[in-house]
Amino acid sequence: MSPTVAIIQLPGSNCERETARAIEMAGGSARIVRWNEPPARLVDFGAYVIPGGFSYQDRIRAGAVAARLPVLDVIAQRAREGAPVLGICNGAQVLVETGLVPGFHEGALEVVLAPNRMPGRDGYYTRWVLLGEGPASGRCLFTRDLNARILPIPMAHGEGRFWTRDPAVAQRLASHVALTYRTPAGDPAVDFPWNPNGSLESAAGITNEKGNVLALMPHPERAVLRAQVPDSLTGRTEGGGADGPPESAGPGLLLFRSLVEVLCTR
Amino acid sequence: MSTATTQILVVLRNADPTALTALASLRRSLGFGKNLLDLRRRVLWELSGPAEGAEVGAILDALRRGGQMWNPNKERALVRAPGEPSSKLGSPLPDEDGWESWLAWDPTRDLDRPIRALRPWRARGFRIRRGTLWSLQWGEGDPAERRRLSERAVITRGAREGLLVHPHLEDARRIGSTDPIPWLSSPEREG
């Protein structure tokens, strides 16, 4: 039995149950932990996932209030010790607001998840996107089994554009991109809609130097079964988990399997 | 034709949950405690373009009908424009003692296209900008100290340093005791 994964339920999280189920489908065990449990109870978990949702109603900026809670101090410390930490959508926004990613300078906020930049429209947007490797895929423990596959995964957010104003950070950021938005031809997507928010470096997910923390905007927990993937995307993604019978594993399960595999070997 | 600038400050009719959450987070998580007495938030829209006074009125009517900039069921809009009667509402800056106000805005965000009511005027060079006016009231400290505390609370530099404005996303500046119109579209910022 692998160590249990803590799914952190913040006020306004709404994806904790399907995230726990995804980890269980991948062979792991998960427990939903509320944000206000005593921090000392959190240290024994093997890994941490901050799920999607709208923590604190996205007040001020998405993830800004949650990132300053005591529970995030514990997670930051465990991340420094090497524990795997995954933030999905709102969880990614929280991780960026803690400075854990990209983490060039400890404690500094070097990037922001800015409002989507979309031609002729503003605000929340949702669609299926295609994800492929980034320069950091090999060292990120969630994506190291990707092996050039393209994964169809849904995205759903209003503030998902990885962005920085610091040219030096922008230059270094490419080396921390673990997942990129792709076009149907398999190339890194620069333009809308396949890059749905205008992210720098086509980044859908950014990791830290060690590769144990991943801030990922799309939702892999919503694509853990082949039946969840639209038929229009099958055939374009050979080996990505979008083919096969409806009850077979979907493309999103790959990330959770990688996490469980890491926990089992520790 | 002269350039006309109009400010619209949008204020919730009831208590502002965002301001209350920001106040609680600054007090508890960032250590400002009870010395931070109060916090207010105003959304500021600023329209500027080549228009005569009467045309400004027509634009405001279109915006009121459009309903995209404020919801009259839950928000009040204070319009400050040449010739607008509601300019009598005066300054949106708190005039009691101990307040510090900061204005934040994203200079790269193109808001012209999503505001449908403005389409007839866009082709003629009208621009619209959106910002947030944060006002913080401090209990103790001289003006220099209050200014220092406000900057620490407003400008986000780390997970435990600042909250209200992310410098990779927004520009921010302290608003002094005077509040000339325009704030966001002043000539020196047009560059």
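What counts and how
Residues numbered from 1 in each chain as written. Chains lettered and ligands numbered in written order. Predicted model: local features only at pLDDT ≥ 70, side-chain atom pairs only at ≥ 80, totals over all residues. Heavy atoms only, no water. Helix = DSSP H or I, 4+ residues; strand = E, 2+ residues; numbered from the N terminus. Buried < 20%, exposed > 50% of the residue type's maximum accessible area, 1.4 Å probe, protein only. Contact = heavy atoms within 4.5 Å. Areas by Shrake-Rupley, 256 points an atom, 1.4 Å probe, with all protein chains shown as cover. Buried area = accessible area lost by both parts, 1.4 Å probe. Salt bridge = Lys/Arg side-chain N within 4 Å of Asp/Glu carboxyl O. Polar contact = N/O pair within 3.5 Å; in protein donor to acceptor, adjacent residues only side chain to side chain. Pairing = 2+ DSSP bridges. Axes fitted to C-alpha atoms, helices over the stretch in contact; angles between N-to-C directions.

Draft legend 1. Seen up close, the overall build of chain B. Looking only at helices and strands, chain B has 5 helices and 6 strands in total. Starting at the N terminus and walking to the C terminus, you meet the elements of chain B as β-α-β-α-β-β-α-β-α-β-α. The burial tally for chain B puts 50% of its 191 residues in the buried class. Excluding contacts between residues fewer than 6 apart, the proportion of contacts in chain B whose partners are at least 24 apart in sequence is 77%. Counting only carbon and sulfur atoms, one obtains 47% of the accessible surface of chain B, whose full area is about 9300 Å².

Draft legend 2. Spotlight on the interface of chain B and chain A. Across the contact, 29 residues belong to chain B and 28 residues belong to chain A. Between chain B and chain A, a total of about 2300 Å² is buried, with carbon and sulfur atoms accounting for 53% of that surface. Between Arg165 of chain A and Asp171 of chain B there is a salt bridge; the shortest N-O distance is 2.8 Å. Viewed at the interface, chain A and chain B are joined by 19 residue pairs in polar contact (both at pLDDT 80 or more).

Draft legend 3. Structural view of the sheet that holds strand S5 (residues 127–138) of chain B. All names here are of chain B. Strand order in this open sheet of 6 strands is S3-S1-S2-S5-S4-S6, and the pairing throughout is antiparallel. Of all the strands in the sheet, the pair left with one neighbour each is strand S3 (75–80) and strand S6 (171–175). Averaged over all pairs of adjacent strands, the angle between strand axes in this sheet comes to 25 degrees, irrespective of strand direction. For strand S4 (residues 99–105) and S6, the ladder comprises 5 bridges, and the chain directions are antiparallel. Pairing of Leu103 across the sheet is with Arg173, part of S6.

Draft legend 4. Representation of the pattern of salt bridges within the structure. Residue and element names in this part refer to chain A. A full pass over the atoms with the stated rule returns 15 salt bridges over all chains. With its nearest N and O atoms 2.7 Å apart, the salt bridge here joins Glu97 to Arg61. Here Glu97 is found in helix H3 (residues 90–98), whereas its partner Arg61 is found in the loop between strand S3 (47–50) and helix H2 (70–80), with 36 residues between them in sequence. Both residues of the pair, Glu97 and Arg61, belong to the buried class. The salt bridge involving Glu97 is made with Arg68; its shortest N-O contact spans 3.2 Å.

Draft legend 5. Summary view of the side chain of His168 of chain B. Tracing the chain through its elements places His168 of chain B in the loop between helix H4 (143–154) and S6. Engagement of the side chain of His168 of chain B in a polar contact is seen with the backbone nitrogen of Arg165 of chain A, the distance being 2.9 Å.

Draft legend 6. Structural context of the sheet that holds strand S9 (residues 177–182) of chain A. All names here are of chain A. Within the open sheet, the 9 strands sit side by side as S2-S1-S3-S4-S11-S10-S9-S6-S7. Their pairing is mixed. Taken across any chain shown, the strands that pair with only one partner, and hence form the sheet edges, are strand S2 (30–34) and strand S7 (151–157). Mean inter-strand twist for the sheet, computed between neighbouring axes without regard to direction, equals 25 degrees. Taken together, the 5 bridges between strand S1 (residues 5–9) and S2 define a ladder with parallel strand orientation. Counted as the bridge partner of Ile7 is Ile32 from S2. In the packing of H2 onto the sheet, the strands contacted are S1, S3, strand S4 (85–88) and strand S11 (213–216), and the crossing angle to S3 comes to about 135 degrees. Most of the contacts of helix H5 (residues 253–264) go to S3, to which it runs at about 155 degrees, and overall it touches S1, S3, S4, S7, S9 and S11.

Bear in mind that shape data such as this cannot, by itself, settle questions of function.
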